[in-house]
Amino acid sequence: MTCRIGILGTGAYLPATVLTNDELERILDTTAQKILDLTGIRERRIATEYSGPQGAWPTTLYEDICKDENTSTMGAVAALRALEQAGVSPLQVRYILVATNSQEQIYPSTAIKVQHYIGAENAIAWDLQASCTGFIFALIDAERHLFVDRQLHGQNHYALVIGSDTMSRTVSRLDRATAIMFADGAGAVVVGTDAPGCIRSSWLCTQYHGMIQLDTEFKRGHDFHPDERIPKSFIYQEGKSVFRRAPEVMHEALMEVLKRAGLTVEDLDYLITHQANQRMVRRVAEMAQIDLAKVHMSGERYGNTSAATHPVALDELQRTGKVQRGNLIGMTSFGAGLTWGACILEW
């Protein structure tokens, strides 16, 4: 590419309410230690109601997040924090892409609600659903739009790429296979042209498989009365199949993007994998033969926040000063669909 399209700012929002393994032990037929041994997760954040100060947030957003920390309100706060760090006004944003698997309604889309909350009146907004790989899919989608605008029209634009999920609302609290894993949060990045860093390479893949499923609440057959609804559906997951498949394809994707970028694993400063299971993270690191000190591991504290995982991790690395300009970050993920993919970021 002749223009550098990269990340200019990061932001995140994590609910204050914490659900620990000890609390789950009182609900499920298991123990806190077994949950830790199986998943590597000690606690996870759960969306409820915000009770902090308003700060510079728009009043409508503040009032709504105080009523409900949901996918759109959390995503909007993460977006505002990313814009503030990048020094970009909401009115300068051309594209808003929200990767999510837990929008509170089918339409209006979560992205359009975020657009409304932050006052991005000049933006075009849409949702992207690619399960836990959604943020990487959305990031590459935004890169393509910005590239076309620059190369074909000579226009420099900004994009907001957001990963936001309230996955705790998609699981049954009585299902040991999923209740111990999923959690809530949001992360966002501002992407622009002429950035100090860039997206060095990317690779995405999809393949149908039913090992992870989540039906809609209004699913019905053609012979049902229009007013009938099935009971609320929850995530179904074949845990053992996922644990076998996910590390393999995340490693495959990582190796592919390294090859495309002309890099090796040794060149990476950080690796961010999907955080569904900390044993899975270690397995990917082992397959890639990368030093564990370079592998970002946040699942122990946050659980599986699905599409929010990677932008939350990027924000954590940025705000703690761990990542510096010129660093190379590998991101790889796996999700229902199936979806998987990876990219290399130069910071």
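Everything discussed here concerns the structure shown above.
Residues numbered from 1 in each chain as written. Predicted model: local features only at pLDDT ≥ 70, side-chain atom pairs only at ≥ 80, totals over all residues. Heavy atoms only, no water.

### Here's the deal with the overall build of the chain
If you tally the helices and strands in the chain, you get eleven helices and 13 strands. Relative to the 2.2 N^0.38 estimate, which gives 20 Å for 347 residues, the radius of gyration of the chain is 19 Å and therefore close to what a compact globule would have. With the principal axes as the frame, the chain shows a C-alpha extent of 55 × 50 × 45 Å. A buried classification covers 56% of the 347 residues belonging to the chain. Across the chain, every contact between residues at least 6 apart in sequence was considered, and the portion connecting residues at least 24 apart equals 75%. When the accessible surface of the chain is summed, it comes to about 14900 Å², and 49% of that surface belongs to carbon and sulfur atoms. (Helix = DSSP H or I, 4+ residues; strand = E, 2+ residues; numbered from the N terminus. Rg over C-alpha atoms; globule rule 2.2 N^0.38 Å. Buried < 20%, exposed > 50% of the residue type's maximum accessible area, 1.4 Å probe, protein only. Contact = heavy atoms within 4.5 Å. Areas by Shrake-Rupley, 256 points an atom, 1.4 Å probe, with all protein chains shown as cover.)

### Some points on the sheet that holds strand E12 (residues 328–335)
Through backbone hydrogen bonds, the strands of a sheet pair up, either in parallel or in antiparallel fashion. Here we have four strands laid out as an open sheet, ordered E8-E13-E12-E11, and mixed in their pairing. Two strands close off the open sheet at either side, each with one partner strand: strand E8 (198–209) and strand E11 (270–272). On average, each strand axis in the sheet is inclined to that of its neighbour by 10 degrees, with strand direction left out of account. As paired elements, E8 and strand E13 (residues 337–346) share nine bridges and run antiparallel to each other. Along E13, the bridge assignment pairs Ile 199 with Leu 345. Here helix H6 (residues 134–153) sits on the sheet and contacts E8, E12 and E13; the angle it forms with E8, its principal contact strand, is near 125 degrees. (Pairing = 2+ DSSP bridges. Axes fitted to C-alpha atoms, helices over the stretch in contact; angles between N-to-C directions.)

### Here's the deal with empty space enclosed by the protein
The rolling of a water-molecule-sized probe over the atoms marks out the regions of remaining empty space. Scanning all chains against the criterion turns up two cavities of 30 Å³ or more. Approximately 40 Å³ is the volume attributed to the largest cavity. Lining the largest cavity are Leu 14, Gln 275, Ser 298, Tyr 302, Gly 303, Thr 305, Thr 309 and Val 312. For the lining of the largest cavity, the residue count by class is three nonpolar, five polar and no charged. Taken as a whole, the second largest cavity spans an internal volume of roughly 40 Å³. (1 Å grid on protein atoms, 1.4 Å probe; cavity = no way out; pocket = protein on both sides within 12 Å on 5 of 7 lines; lining within 4 Å. Points joined across faces, edges and corners; volume = space filled by probe spheres on them. Nonpolar A, V, L, I, M, F, W, Y, C, P; charged D, E, K, R; others polar.)

### Some words on the nonpolar core
Among the nonpolar cores identified, the biggest contains 32 residues, and Leu 139, Val 191, Leu 314, Ile 329, Met 331 and Leu 345 are the most heavily contacted of them. Excluding its chain neighbours within four sequence positions, the residues that come into contact with Ile 329 are Leu 268, Tyr 270, Ile 272, Leu 314, Val 323, Cys 343, Ile 344, Leu 345 and Trp 347. Of all hydrophobic cores here, the second largest spans 30 residues; its members include Ile 65, Leu 80, Ile 118 and Ala 188. (Core = buried A, V, L, I, M, F, W, Y, C linked by side-chain atoms within 4.5 Å.)

### Details of the packing of aromatic side chains
For the coordinates displayed, the defined rule picks out four aromatic pairs. On the numbers, 6.0 Å between centres and 75 degrees between planes, the contact of Tyr 95 with Trp 126 is edge-to-face. Separated by 31 residues along the polypeptide, Tyr 95 in strand E4 (residues 93–99) and Trp 126 in strand E5 (residues 124–128) bring together distant segments of the chain. Using a relative accessible area of 7% as the deciding quantity, one classes Tyr 95 as buried. Its guanidinium or amino end placed over the ring of Trp 340, Arg 245 lies 5.4 Å from that ring's centre, counting from NZ or CZ. (Phe/Tyr/Trp six-rings, centres within 6.5 Å; stacked < 30°, edge-to-face > 60°. Lys NZ or Arg CZ within 6 Å of the ring centre and 35° of its normal.)

### Brief notes about the pattern of salt bridges
In total, this model carries twelve salt bridges according to the counting rule given. Across the pair Arg 169 and Asp 68 runs a salt bridge whose closest N-O atoms are separated by 2.8 Å. Residue Arg 169 is found in the loop between strand E6 (158–166) and helix H7 (176–179), and its partner Asp 68 is found in the loop between helix H3 (59–67) and helix H4 (71–86); the two are separated by 101 residues along the sequence. For Arg 169, a relative accessible area of 31% translates into the label partly exposed. The class for Asp 68 is partly exposed, based on a relative accessible area of 24%. Its salt-bridge partner being Arg 200, residue Glu 346 comes within 3.2 Å of it at the nearest N-O pair. Placement of the pair is Glu 346 in strand E13 and Arg 200 in strand E8, with a sequence separation of 146 residues. (Salt bridge = Lys/Arg side-chain N within 4 Å of Asp/Glu carboxyl O.)

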